[in-house]
Amino acid sequence: GINAEYGRLTDSKQTMFGLSLDLVEQLSFYGAYHAHPLNQLVHVIFVPLIWATAVIWLAHAPPLLSSLPYWANISLPCYLGYAIYYTVLDAQVGGAVAVLYGFIWYYCNRLVQNERLSNKRKRGAAAKPKQKSAWTMWRIATVLHVVSWAAQLLAHRFIEGRAPALTTSFAQSLVLAPLFVFYETLWFISPTFRAPLAAAVHASVSKQLAAWQEAQLAN
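On a predicted model such as this, the values are computed, not experimentally measured, just so you know.

So, how was this worked out
Residues numbered from 1 in each chain as written. Predicted model: local features only at pLDDT ≥ 70, side-chain atom pairs only at ≥ 80, totals over all residues. Heavy atoms only, no water. Helix = DSSP H or I, 4+ residues; strand = E, 2+ residues; numbered from the N terminus. Buried < 20%, exposed > 50% of the residue type's maximum accessible area, 1.4 Å probe, protein only. Contact = heavy atoms within 4.5 Å. Phe/Tyr/Trp six-rings, centres within 6.5 Å; stacked < 30°, edge-to-face > 60°.

Some points on the environment of H145
- One can find H145 in helix α5 (residues 136-160).
- In this structure H145 comes out as buried when scored by relative accessible area, which is 10%.
- Along the sequence, H145 and F46 sit 99 residues apart, while their C-alpha atoms lie 8.6 Å from each other.
- The contacts of H145, once residues within four sequence positions are left out, are I50, T53, A54 and W57.

Overview of the side chain of H43
- Position of H43 among the secondary structure elements: in helix α2 (residues 37-59).
- With sequence-adjacent residues up to four places away left out, H43 is seen in contact with Y30, H34, P48, Q152, H156 and V181.

Overview of the packing of aromatic side chains
- The full count for this structure, using the stated rule, is eleven aromatic pairs.
- Between W51 and Y82, the aromatic rings sit 5.8 Å apart at their centres with planes inclined by 90°, giving edge-to-face as the arrangement. Of this pair, W51 sits in helix α2 while Y82 sits in helix α3 (residues 75-89), and the two are 31 residues apart along the sequence. There is no split in this pair, since W51 and Y82 are both buried.
- Between W57 and W138, the ring centres sit 5.9 Å apart and the planes meet at 40°, which makes this aromatic pair tilted. With W57 in helix α2 and W138 in helix α5, the pair connects residues that are 81 residues apart, well separated along the chain.
- Taking relative accessible area as the criterion, W57 reaches 27% and is therefore assigned partly exposed.

As structure tokens, then:
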């Protein structure tokens, strides 16, 4: 059922897109792989960059239909999938994250469109016969994307001392990362924010970490 303390369903049998709608379960799954504050900070910085640069890649695709505006490309259903899941999982915080990433999504699409329009102007009558590639944003996004993944993998190797969550559940990790880092930022700024939820998540994380450490010793 719905638990007012947590803000959303706490019944792990409820799912959407194949993902659980149990907020505590989802946050604690990801949290068990990101317990170290420095690793959390690395993810707070680089998770949004990974998401934004992926949108820039997708924004280079044409609209899904020729009659649609430039932003109605493959990045739109991808963003809507995140937004719907977050809002259903947690209407308050998840809804806020959906709006925040909506701004990021639109801005990234706008950057690509501005570059596209600029390149069209350069190809006018006065343009030189040979023009440089118009995909500057694509190249910048690729560099930032690779750097962001490298930073997170290094943080897991040398700070967390544990493989990233994506080695356990790739899709779940990609979906949960933006929501998790937003929650951790809120709890860093205001530790009393949704205190019962924070206590439940951190208790579950501690339990999962203890089980993992025990398994490591057994091996």
